[in-house]
Protein chains: 2
Amino acid sequence: MAPDLSAPLLRKLESIAVVPDADKALLRGLRITTRQLAHGDNLVSVGDTPHFSALVITGMLCRYDVVESGTRQIMSFHLPGDIPDLQSVFLSTMDHSVASIGPSTVGLIPHEDLQRAFERSFHLTSVMWRETLIDSAIFRQWIGNIGGRTAIVAMAHLLCELVARGRAIGLIKDDMRFRLPLIQQDLADALGLSLVHINRTLRQLRRAGLIVWEPGSLTVLDWEGLQKAGDFDPSYLHLVRD
Amino acid sequence: MAPDLSAPLLRKLESIAVVPDADKALLRGLRITTRQLAHGDNLVSVGDTPHFSALVITGMLCRYDVVESGTRQIMSFHLPGDIPDLQSVFLSTMDHSVASIGPSTVGLIPHEDLQRAFERSFHLTSVMWRETLIDSAIFRQWIGNIGGRTAIVAMAHLLCELVARGRAIGLIKDDMRFRLPLIQQDLADALGLSLVHINRTLRQLRRAGLIVWEPGSLTVLDWEGLQKAGDFDPSYLHLVRD
DNA sequence: CGCCCTATTGAGGGCCCTCAAAGCTAGTGG
DNA sequence: CCACTAGCTTTGAGGGCCCTCAATAGGGCG
């Protein structure tokens, strides 16, 4: 009997929508099989046709794709409560891969369970649809970030997004310290910049007194200042509070 | 009595999914009010809370946002049959703007009509959800395009995407001539490059014998070659045929 | 005909890249 | 206990892709 594996999902959904008791019951009724992933493990790969979607329970995952030149492009990071491949319920073939960053625990949910829950509750459907639409909004911001901002602004914006999302699900306390398994190469792959330039950009943010970057954690020293530096407005995350 | 305003929508949906007769009837039952847009007109703007979603009937629209530095970032182009702001049914506040490129005709559909149709048919819901998920896939490709490819590859990829989508809805015949109201500044805003560099990049593609770019139309001379030049694989568009 | 928008081309500069090497930390095994 | 290794971080130097500024040409329209 899985005690509370759907808890991170509920916490996430309640950060972006109202979830009535009936839907909570449906969520608890999902069959969830846990699976451990080590750093770098692929959960699903391009071309797969999975019959499960994975709920992040602990740790961090990313979506990525490899372009012809050989560089890895990361398109999103995922925190506990996210279902990075929820789309595979409706798009059978994966057009990108999903991998673990650091060790993580995911809960595999059969597509048929999700589909049955959706058919039973239109409201739950709309909440989950909303979730994927917020995903889209994050992609759009990512496009603007890579296409229209300089390295330092883009970096600050990306860190702001992670912190805002981490706070929304209670992963960050008042000390503004965020335990992240990210390494600088991940940031490089996410922003489309070189590792060397990522390093120099982080140094700039550090010297500006905005953040402390240590392997394994990010501490925000000046949340106002970081948002300003990153041209960051959290409204695109469509959080219910804040 | 609107004769067939939902026809472009149906054609689009049938390019990505099977649409049973019952759902076709629901689509025909939507109240659609046409509206003409001139070049550059905003359909909706950042911060709006629209009560309609717009179906593109003729012409072309784009989603965009303005970053702090003042540059406009285009995040997607939309052809007849697309509903660029379908998301506003579930995300009340616009986090980006939608504008017309060249003159266009859109059909405004009340959110309540869409919601009622979704509640009546889970299958229609899944088709429309699928549509927004393909939107997401396009955003992801766009991220990889801007972040990981050089100007000429990115440009070829973008043109491939437009052509592949245009063909899927029957907008392009065998002559591979695509009537597009795009100007070079639009391409610049989409790819995060300068107008000058767009011009030089188009010249390269022209001199390579891949395309003919004229104001108002794009002709593909070498479809195979253009796909190769753009590192393009259409599978992320999740089209039912081709 | 003149105006505005768009396209095109030149020249110089800057942001970021690649190549290269050294320091740091943690885990491993002798 | 400490050399050893592997992965990550940090810093330097030079080069290239793309940017900005600038100017000319072309085309549609009142």
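Keep in mind that this is a model prediction, so the values were computed, not measured.

Turning our eyes to something else, we now look at helix H4 (residues 122-148) of chain A. Here H4(A) contains 27 residues, and its C-alpha end-to-end distance of 38 Å stays within 8% of the 39 Å for a straight helix at 1.5 Å per residue. A large share of H4(A) lies buried, amounting to 24 of its 27 residues.

With that settled, the discussion passes to the relation of the copies chain A and chain B. Its rotation angle being 180°, the transformation that places chain A on chain B also includes 0.0 Å of axial translation and leaves an RMSD of 0.0 Å. Interpreted geometrically, this transformation is the action of a two-fold axis.

Quick look at the protein's contact with DNA strand D now. The environment of DNA strand D is formed by 16 residues, the closest being Gln184(A), Ala151(B), Leu193(B), Ser194(B) and His197(B). Residues belonging to the surface near DNA strand D are distributed by class as follows: 8 nonpolar, 6 polar and 2 charged.

Quick look at the nonpolar core now. Ranked by size, the top nonpolar core spans 151 residues in total, and within it Leu55(A), Ile143(A), Leu159(A), Leu55(B), Ile143(B) and Leu159(B) carry the most contacts. With residues up to four places along the chain from it excluded, the contact list for Leu159(A) reads Ile211(A), Leu218(A), Leu226(A) and Gly230(A).

Time to look at the pairing of strand E5 (residues 97-110) of chain B. Where strand E1 (residues 33-37) of chain B lies against E5(B), 5 bridges are found, and the strand directions are antiparallel. Within the sheet, the bridge partner assigned to Leu37(B) lies in E5(B) and is Ser104(B).

This next bit is on the interface of chain A and chain B. Taken together, the contact pairs 40 residues of chain A with 39 residues of chain B. The element that contributes the greatest number of residues to the side of chain A that touches chain B is H4(A), accounting for 18 residues. Of the residues assigned to the side of chain A that touches chain B, the class counts are 15 nonpolar, 16 polar and 9 charged.

The next subject is the protein's contact with DNA strand C. Close contacts around DNA strand C come from 16 residues, with Ala151(A), Leu193(A), Ser194(A), His197(A) and Gln184(B) the closest. Those elements that place two or more of their residues in the surface near DNA strand C are helix H7 (195-207) of chain A together with helix H6 (184-191) and helix H7 (195-207) of chain B. Examining the composition of the surface near DNA strand C, we find that 6 residues originate from one element, H7(B), more than from any other.

This paragraph deals with unusual backbone geometry. All names here are of chain A. For Asp231, which is not glycine, the phi dihedral falls at a positive 55°. Relative to the assigned elements, Asp231 resides in the segment after helix H8 (223-229). Residue class for Asp231 comes out partly exposed when judged on the 18 C-beta atoms lying within 10 Å of it. A positive phi angle, close to 50°, is found at His238, a residue other than glycine.

All names here are of chain A. Burial runs high along strand E4 (residues 72-78): 6 of the 7 residues are buried. Pairing analysis gives 6 bridges linking strand E3 (residues 52-66) to E4, with the strands arranged antiparallel. Looking at the pairing, Tyr64 lines up with Ile74 of E4. Two successive antiparallel strands, E3 and E4, enclose a turn made up of 5 residues, where Gly70 displays a positive phi of approximately 100°.

Our focus in this paragraph is the sheet that holds strand E8 (residues 217-220) of chain B. Residues and elements named next belong to chain B. Reading across from one edge, E6-E8-E7 is the order of the 3 strands in this open sheet, with antiparallel pairing throughout. Whereas interior strands pair on both sides, the edge strands pair on one side only; in this sheet they are strand E6 (177-179) and strand E7 (211-214). Along the sheet, successive strands turn relative to each other by an average axial angle of 10°, direction set aside. Of the strand pairs in this sheet, E6 and E8 are connected by 3 bridges, and their pairing is antiparallel. Each bridged residue has a counterpart across the sheet, and for Phe178 the counterpart in E8 is Leu218. Helix H5 (residues 151-168) contacts E6, E7 and E8 of the sheet and is inclined by roughly 90° relative to E6.

Here the focus is the sheet that holds strand E7 (residues 211-214) of chain A. All names here are of chain A. Judged by pairing direction, the sheet is antiparallel, and its 3 strands sit side by side in the order E6-E8-E7 without closing on themselves. Each edge of the open sheet carries a strand with a single partner, namely strand E6 (177-179) and E7. Taking each pair of neighbouring strands and ignoring which way they run, the sheet shows an average axis angle of 10°. Across the sheet, helix H5 (residues 151-168) is in contact with E6, E7 and strand E8 (217-220); its angle to E6 comes to roughly 90°.

Here the focus is the domain arrangement of chain A. Residue and element names in this part refer to chain A. Domain parsing of chain A yields domain 1 (7-141) and domain 2 (150-237). If you look at the interface, domain 1 gives 18 residues, while domain 2 gives 16 residues. When residues of the side of domain 1 that touches domain 2 are traced back to their parent elements, those giving at least two are helix H1 (7-16), E3, E4, strand E5 (97-110) and H4. Ranked by residue count, the leading element in the side of domain 1 that touches domain 2 is E4, at 4 residues.

All names here are of chain B. Along the chain, His111 falls in helix H3 (residues 111-120). Residues His111 and Ser53 lie 58 residues apart in sequence; the distance between their C-alpha atoms is 6.5 Å. Setting aside its immediate chain neighbours within four residues, His111 contacts His51, Phe52, Ser53 and Val89.

Residues and elements named next belong to chain B. Remark: H5 packs on H7, axes separated minimally by 10 Å, with the N-to-C direction vectors making an angle of 75°. Of the possible angle classes, the one that applies to H5 and H7 is roughly perpendicular. Between H5 and H7, the contacting residues are Ala151, Ile152, Met155 and Ala156 on the first element and His197, Thr201, Leu202, Gln204 and Leu205 on the second. Its residues assigned to classes, the contact of H5 with H7 comprises 6 nonpolar, 3 polar and no charged.

Moving on, we get to H1(A). All names here are of chain A. All buried positions along H1 are accounted for by Pro8, Leu9, Lys12, Leu13 and Ile16. Along H1, the residues classed as buried sweep out an arc of 130° about the axis, all on the same side. Where H1 is buried, its residues contact helix H2 (21-28), E3 and H4.

Calculation rules
Residues numbered from 1 in each chain as written. Chains lettered and ligands numbered in written order. Predicted model: local features only at pLDDT ≥ 70, side-chain atom pairs only at ≥ 80, totals over all residues. Helix = DSSP H or I, 4+ residues; strand = E, 2+ residues; numbered from the N terminus. Expected span 1.5 Å × (residues − 1). Buried ≥ 20, exposed ≤ 12 C-beta atoms within 10 Å, placed from the backbone. Least-squares fit on C-alpha atoms with pLDDT ≥ 70 in both. Near = placed C-beta within 6 Å. Nonpolar A, V, L, I, M, F, W, Y, C, P; charged D, E, K, R; others polar. Core = buried A, V, L, I, M, F, W, Y, C linked by C-beta atoms within 7 Å. Contact = placed C-beta atoms within 7 Å. Pairing = 2+ DSSP bridges. Axes fitted to C-alpha atoms, helices over the stretch in contact; angles between N-to-C directions. Domains from an automatic or database assignment. Parallel < 35°, antiparallel > 145°, perpendicular 65-115°, else oblique. Arc of directions from axis to C-beta.

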